[in-house]
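Breakdown of the fold
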Amino acid sequence: MQLHLAPRDGLPIYRQIVNQVKYLLAAGRLAAGEELPPIRTLAEQLVINPNTVARAYLELERAGLVTKRQGSGTYVSEIRSPLRRTERLRLLADRADALLAESRHLEIEFDEVLELLRERAQAMSPKEPL
Amino acid sequence: MTTLASNSAPETVVSVSGLTRRFRSRLALEDLSLEVTRGQVFGLVGANGAGKTTLIKHLLGLYAPQTGIVRVFGLDPVKEPANVLGRVGFLSEDRDLPAWMRVEELLRYAAAFYPRWDAEYAERLREQFQLDPRARVKHLSRGELAKAGLLTALAHRPALLILDEPSSGLDPLVRREVLEAVVRTVAEEGRTVFFSSHLLDEIERVSDQVAMMSSGRMVLRGELAEILEGHHRVTLRFPQPLGQAPVLEGALTVQGAGREWTAVCNGTLPRLSAAAAKLGAQVVAEQAATLEEIFLARVGSGAACGESVEA
């Protein structure tokens, strides 16, 4: 698991970790059952406060994305998201609104936005071995 | 806030309340209050001359409070210096190490000073920091001096590590080594770090709690994540150009011209959008504010003392 922090972008570091782990999950770069690095290891690797890593892991755990196993470590959950479907759609609707608003400001047609989404989805899906 | 050492009730390591200090007629510290609990990294932010070092000298018992109370491990550092300093590792900004000593002599000297000195750990740090035991302190480079100072601060495994501007004048490589040492110190159960810096990205990286000082006063203090999430940079667009900056509720600073104005604000986004709508403006861009923007906005606006963040 490789994370890259941008300390100057204003997002708290724990949130950057949460977002990047979510992205890695969505991109299939973290699979169910896979272990996340121990808190101290990740803290030393990224040169950040271990409490911050603990907080990010707690947040991921609360979202049901990872599970802490007593005395061993933190693992990617088998069941991806326990959130109800309507709840998940509601979360996504906010992001869709933001995207649509932005595209209107930038004068990008709706069809072009759809096309872009399709392109990005393709770029994000795990690559087939050559 | 979850800390690695949070098995029991949070234990207060440092507490300062109502601390005021004058040097002749100049007010150096004005009614400062703060609390640091065990296992936290507390970052003190402020420009040069804000009073950071004066505050730290009170924690070390080098200054007696004129008004207010200072406690470290629940003790008065002025009355019980041995019991406080024996458990504190300190790196001063001017790294005042005896110049004539060799590195190996410095280590023996420090070992005699601290009953809990861990010679094995000291040797490990010396190797890791690549300090020549035969080198004289006066011949060390700035970076080596900082590392030698850090070594003596760390090798007795202090319960509280106090660093005054640890990165001042250091190159990025040595800065990183100093930060790594801070991270490792907290990773060891229950250790607490109090450090001052004017480098906000450094504070942003390693702190749990942040206090911002300006001209001896505390302008903002709270949990770092809450401070970051409680502030936004929003750009407003008005239907007509404005001749002067709009007065936006929650805004700490407003800059811009004509139709578009950017504000660094304290408050939730829905509230800021509502405030903008009241002015007939629309929020056209919104971003998380960086600690630096928040600091500049807070210090610039001379916000109220010790005000806490609205989540």
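Residues numbered from 1 in each chain as written. Chains lettered and ligands numbered in written order. Predicted model: local features only at pLDDT ≥ 70, side-chain atom pairs only at ≥ 80, totals over all residues. Heavy atoms only, no water.

**Structural notes on empty space enclosed by the protein**
- Applying the stated criterion across every chain, the model contains five cavities of 30 Å³ or more.
- Here the largest cavity is characterised by a volume of approximately 130 Å³.
- If you list the elements that add at least two residues to the lining of the largest cavity, you get helix H1 (13-26) and helix H3 (50-62) of chain A together with helix H7 (200-206) and helix H8 (224-229) of chain B.
- Taken together, the residues of the lining of the largest cavity sort by class into eight nonpolar, two polar and five charged. (1 Å grid on protein atoms, 1.4 Å probe; cavity = no way out; pocket = protein on both sides within 12 Å on 5 of 7 lines; lining within 4 Å. Points joined across faces, edges and corners; volume = space filled by probe spheres on them. Helix = DSSP H or I, 4+ residues; strand = E, 2+ residues; numbered from the N terminus. Nonpolar A, V, L, I, M, F, W, Y, C, P; charged D, E, K, R; others polar.)

**Considerations on the confidence of the model for chain A**
- Looking at chain A as a whole, its pLDDT mean stands at 83, while 86% of the residues score no less than 70.
- Within chain A, the lowest mean pLDDT, 80, falls on helix H4 (residues 85-105) of chain A, and the highest, 92, falls on H3 of chain A. (pLDDT = per-residue confidence, 0-100.)

**Topic: the interface of chain B and chain A**
- Counting residues at the interface gives 31 residues for chain B, matched by 25 residues for chain A.
- Summed over both sides, the interface between chain B and chain A buries roughly 2,300 Å², with carbon and sulfur atoms accounting for 53% of that surface.
- Measuring nitrogen to oxygen at the nearest pair gives 3.0 Å for the salt bridge that ties Arg15 of chain A to Glu229 of chain B.
- Linking chain B with chain A are nine residue pairs in polar contact (both at pLDDT 80 or more), by the criterion used here.
- For the side of chain B that touches chain A, the secondary structure elements donating two or more residues are helix H6 (172-187), H7, H8 and strand S12 (282-288) of chain B.
- Tallied by class, residues from the side of chain B that touches chain A come to 13 nonpolar, seven polar and eleven charged. (Contact = heavy atoms within 4.5 Å. Buried area = accessible area lost by both parts, 1.4 Å probe. Salt bridge = Lys/Arg side-chain N within 4 Å of Asp/Glu carboxyl O. Polar contact = N/O pair within 3.5 Å; in protein donor to acceptor, adjacent residues only side chain to side chain.)

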